[in-house]
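Now for the letters of each chain:
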Amino acid sequence: MQIEYISAFDVVIGVLWRFWPVWVALILVMGASFSYKKRLGLYGQLFDSGVGIAGVFICLFWLFTAIFASTISPFDPLAQVSVMKDTLPGAIEPTSKLIYYFGGDKLARDVFSRMVYGSQIVLIIAPAATGFALMVGITLGLPAGYYGGKIDTLLSFLANLVLAFPVILLFYLLVTPGIMDTPIPYAMAGLFFLFPIIFFSVLFWTRYKNRPDRLYILLGITLVVGGWVYAGLVFDKDPLKIVHIDPNQLNIFVAVVFASSPGVFRIVRGLTMDIKTRDYVAAAQTRGESPWYIMLWEILPNARGPLIVDACLRIGYTTILLGTLGYFGLGLAPESPDWGTAIKDASRLLRSFIHPALPPTIALMSFVLGLNLLADSLREQSMKD
Amino acid sequence: MFSFIARRIGTILLTMLCLTLVVFFLVNLEPNLKKLAISQTEMHTPADQLESWLVNHGYRQNFFLRYGQWLGVLPKHPITDPATGKTTQRFSFCNDPTEPTFSGVLQGDFGCSTKFKTTVAAKLFPALGATGLLMFWVLAVMVPISLLIGILAGMREGSRTDRVLSVASIASTATPEYVSGVIFTVIFASWLGWLNGSAASASQGITFYNFTLPVITLAIYGIGYIARMTRASMVEVMTQQYIRTARLKGLSFGSVVIKHALRNALIAPFTVIMLQFPWLLTGVVIVEVMFRYQGFGYTLVEAAGNNDIDLLLGCSLVSVFIVLITQLISDVGYAFLNPRIRVQ
């Protein structure tokens, strides 16, 4: 059967048109941010430089793409329409008359839809894993930097131990299918997911120790929400069946958190050692505040600048790590539409077809670039103050 | 200084011991041993024969006993037939001893690769040589380019050159190897046809045609990072008093940059380049798999994919050693290059 094609110009227009919910959302958000940028603090200052605007634009673009993925993509990312196998960009699917904008891959799936859906996987796992890594790194880095001594030696040794592992070897050992039969990923998940609960409990406890009315409410919320998510993620026993994660994804998630939390630990430890010599820390010590109050309410807020910059860079780095996992076929399902897996599939066939390889590579590159630009401009803004 | 280095080497040895123990634990998990037994026996072997293969080849001995054997502090035993008492080699393709002997890493025996049917040393060291060659060319490309970009950008902070080069280096740090590899292959191999998209023939002899793509792919990710660090260091140096003094003395801008600023600005990038090695190791794995170059990374992936225990342990030992030794060199080198630290 003869496949009909639309022209290259129509492909460009068609792709831009498919993204219409993203453009609408972008115009609304960027417009609002522009008009109120004076009142938006650090976020508003981003709009003062071209680099910052570009960073915010690219990151928001992928965020909205992930949110509206089902509206944007014309096809199911896993659906195979056998006549469309290896078709070039702009091919018209005969039954529905919809268009394979970026062509079909070797399994006759729509490359465009797969790229759009791939953003969902990246934008869920990368920020969440970075968040958990931040929690682990902060909770361990603060006491290591503040107390020093034996705690510091031990924790630093452990962090260096993990950092000495080449990432790829770590992933080959931790994200193999066999390891799912052992309790290791669940034990590690159980350990890592405990940190946010500990962090927030201590945070509220140190602040509102003398105000039981506030304390009990906040602690209650932390424990109930934390315990609920914990039960759902680690034991997959969420009573309401809302929080659920695939064993595969849990494994990836845990491995990524494990690989990136020592980096956060090192940064937090360094910042803490620097900040604890400041006068306001000495003042708090003289007032008789408890060490954890000083760490969480005096040191941490003053370390936020570098930490925000690092978090941006780290989300980008985690995206690269996820791509690496996909590229080596570790963890994610082979038909998963994430960018790394798509790059792996397409790069083996580069000699015959190049069009399935380009959309996921450019998507991944642009998203990481957006995050890096954002981080760079944040760093510049925080240096100005 | 000497006691500092001695203490660091002690830490390195301890770290290597801990890490190999962790790797040893992970490769000896039950599912991994099953996988090994299945790949080493005939197709459709019944479960009890798989088990007896594992017992015969010593994989069912105590965990610490086997770690000790691998390390070389406990003797390795050959397979003994319980009925006749006759001993046979564990792996005939590695010339394993027929009597209990101390033969571990400490004695220089890295064990036996079950995947490649040879000793680990025979497989690992040629692969390391191949990767060393790749690394040499990567560094030869990466270091001069990144230093040049960093110096040009940091020379006049905020200028148009600075802006352009900074955005270019941010873009290069946002491009992991598997992305730049695909893009370069598409441009230079598929469209222009100038270069070869596979480096498989590079094992026989490297040429510009088959080796350029892996080298630039690997270099591009590091260039941006080193260039940014060089730029930051250069910017800081250019604001120093002695630069202003030199300018006020009437020296030209060019000679101030080359004679006064460069030497001070290049101390920090040295550390960064050294600490770049762990990243390069991951990059090497991706690039070697992508371009089918038979080096260390390729060996590591084969070993991990087939749960080749001894080879994987050898690979992790080598990579951890490289990571830690470059850290040591960067610390010592930094103290050596920077007189302000040396005095303290």
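This is a predicted model, so every value here is computed, not measured.

**Student:** Talk me through the overall build of chain B; I want residue IDs and the actual numbers.
**Tutor:** If you tally the helices and strands in chain B, you get 15 helices and 4 strands. Seen along its three principal axes, the alpha-carbon backbone of chain B occupies a region of about 95 × 55 × 30 Å. Taken over 344 residues, chain B has a buried fraction of 39%. At a minimum sequence separation of 6, the contacts of chain B that also span at least 24 residues come to 69%.

**Student:** Describe the overall build of chain A, with residues and values.
**Tutor:** Helices and strands together make up the secondary structure of chain A, namely 17 helices and 2 strands. Computed over the C-alpha atoms, the radius of gyration of chain A is 24 Å, within 12% of the 21 Å expected from 2.2 N^0.38 for a compact globule of 385 residues. With the C-alpha coordinates aligned to their principal axes, the bounding extent of chain A is approximately 80 × 55 × 40 Å. When contacts within chain A are restricted to residue pairs at least 6 apart in sequence, those whose partners lie at least 24 apart make up 72%.

**Student:** Describe the environment of B:Asn307, and please don't skip the residues or the numbers.
**Tutor:** Residue and element names in this part refer to chain B. For asparagine 307, the location among the structural elements is in the loop between helix H13 (296–305) and helix H14 (309–337). Judged by local crowding, asparagine 307 falls into the buried class, with 27 C-beta atoms found within 10 Å. For the pair formed by asparagine 307 and asparagine 62, sequence separation is 245 residues and the distance between their alpha carbons is 19 Å. Those residues in contact with asparagine 307, other than ones at most four positions away along the chain, are Val27, Asn32, Lys35 and Leu36.

**Student:** Any details on the nonpolar core? Residues and values, ideally.
**Tutor:** Within the largest apolar cluster, 174 residues are counted, with the highest numbers of intra-cluster contacts made by A:Phe171, A:Ala255, A:Val257, A:Cys312, A:Leu325, A:Leu371 and B:Leu312. The element best represented in this core is helix H6 (residues 111–147) of chain A, accounting for 21 residues. Counting residues in hydrophobic clusters, the runner-up holds 10 residues, among them B:Met155, B:Met238, B:Val257 and B:Ala265.

**Student:** An account of the packing of helix H17 (residues 358–384) of chain A against helix H6 (residues 160–173) of chain B is requested, with residue identities and associated values reported.
**Tutor:** Packed helix pairs are specified by the crossing angle of their axes together with the interaxial distance, meaning the distance between the axes. Packing of H17(A) against H6(B) brings their axes to within 9 Å, and their N-to-C directions diverge by 135°. Considering their axes alone, H17(A) and H6(B) lie oblique with respect to each other. Handedness of the H17(A)/H6(B) crossing: right-handed. In contact with A:Leu369, A:Asn372, A:Leu373 and A:Asp376 of H17(A), H6(B) contributes B:Ile170, B:Ala171 and B:Thr173. Each residue belonging to the contact of H17(A) with H6(B) can be placed in one class, and the counts come to 4 nonpolar, 2 polar and 1 charged.

**Student:** Run through the environment of B:Cys112, naming residues and quoting values.
**Tutor:** Residues and elements named next belong to chain B. Looking at where cysteine 112 falls in the secondary structure, it is placed in strand S3 (residues 112–113). Exposure remark for cysteine 112: the 26 C-beta atoms within 10 Å place this residue in the buried category. Taking the C-alpha atoms as reference, cysteine 112 lies 8.4 Å from phenylalanine 93; in sequence the two are 19 residues apart.

**Student:** Can you explain the interface of chain B and chain A? Please cite residues and give values.
**Tutor:** Across the contact, 36 residues belong to chain B and 34 residues belong to chain A. For the side of chain B that touches chain A, the elements supplying multiple residues, two or more each, are helix H1 (2–27), helix H2 (30–40), H6, helix H7 (177–191), helix H12 (277–290), H13 and H14 of chain B. For the side of chain B that touches chain A, the element with the most residues is H7(B), which contributes 7 residues. Classifying every residue of the side of chain B that touches chain A by side-chain character gives 25 nonpolar, 10 polar and 1 charged.

**Student:** Residue-level account of the environment of B:Ser52, with values.
**Tutor:** Residue and element names in this part refer to chain B. Along the chain, serine 52 turns up in helix H3 (residues 47–56). On the neighbour-count criterion, serine 52 (15 C-beta atoms within 10 Å) is partly exposed. Sequence-wise, serine 52 and alanine 37 are 15 residues apart; in three dimensions their C-alpha atoms are separated by 9.5 Å.

**Student:** So, unusual backbone geometry: which residues are in play, and what are the values?
**Tutor:** Residues and elements named next belong to chain B. Backbone geometry places arginine 292, a non-glycine residue, at a positive phi of 50°. Tracing the chain through its elements places arginine 292 in the loop between H12 and H13. According to the C-beta neighbour criterion, arginine 292 is partly exposed, with 15 such atoms within 10 Å.

**Student:** Describe the packing of helix H9 (residues 241–248) of chain B against helix H10 (residues 253–265) of chain B, naming the residues involved and giving the relevant values.
**Tutor:** All names here are of chain B. Their axes nearest at 10 Å, the elements H9 and H10 cross at an angle of 150°. The handedness of the crossing between H9 and H10 is right-handed. Contacts from Tyr242, Ile243, Ala246 and Arg247 in H9 reach Val256, His260 and Ala261 in H10. The class makeup of the residues in the contact of H9 with H10 is 5 nonpolar, 1 polar and 1 charged.

**Student:** So what's going on with the confidence of the model for chain B? Residues and values would help.
**Tutor:** Note: predicted coordinates in regions of low pLDDT should not be interpreted at a detailed level. All names here are of chain B. For chain B, mean pLDDT is 81; residues scoring 70 or higher make up 91% of the total. Mean pLDDT across the elements of chain B bottoms out in helix H15 (residues 339–343) (62) and peaks in H6 (88). Here the complex is predicted with pTM 0.86, and the ipTM for its interfaces comes to 0.83.

Conventions we followed
Numbering of residues begins from 1 in every chain and follows the order in which that chain's sequence is written. Note on labels: chains are lettered from A, ligands numbered from 1, in written order. Selection of residues for local features in this predicted model requires a pLDDT of at least 70, selection of side-chain atom pairs for listing and counting requires 80 or more, and totals for whole chains, interfaces and linings are taken over all residues. Only DSSP runs of H or I reaching four residues or more are called helices, and only runs of E reaching two or more are called strands; each is numbered from the N terminus. With C-beta atoms placed from the backbone, a residue counts as buried when 20 or more other C-beta atoms lie within 10 Å of its own, as exposed when 12 or fewer do, and as partly exposed for counts between those limits. It is the C-beta atoms, placed from the backbone, that decide contacts: two residues are in contact if theirs lie within 7 Å. Radius of gyration: C-alpha atoms only; globule rule: 2.2 Å multiplied by the number of residues to the exponent 0.38. What we call a nonpolar core is a set of buried Ala, Val, Leu, Ile, Met, Phe, Trp, Tyr and Cys residues whose membership is set by joining through C-beta atoms within 7 Å. Orientation is described by lines fitted to C-alpha atoms, with helices fitted over the stretch in contact, and by angles between N-to-C directions that extend from 0 to 180 degrees. Our angle categories are set so that under 35 degrees counts as roughly parallel, over 145 as roughly antiparallel, 65 to 115 as roughly perpendicular, and the remainder as oblique. Rotating anticlockwise by less than a right angle from the far helix to the near helix defines a left-handed crossing, while the corresponding clockwise rotation defines a right-handed one. Only Asp, Glu, Lys and Arg are considered charged, only Ala, Val, Leu, Ile, Met, Phe, Trp, Tyr, Cys and Pro nonpolar, and every remaining residue, Gly among them, polar. Values of pLDDT, which run from 0 to 100, indicate the predictor's confidence residue by residue.

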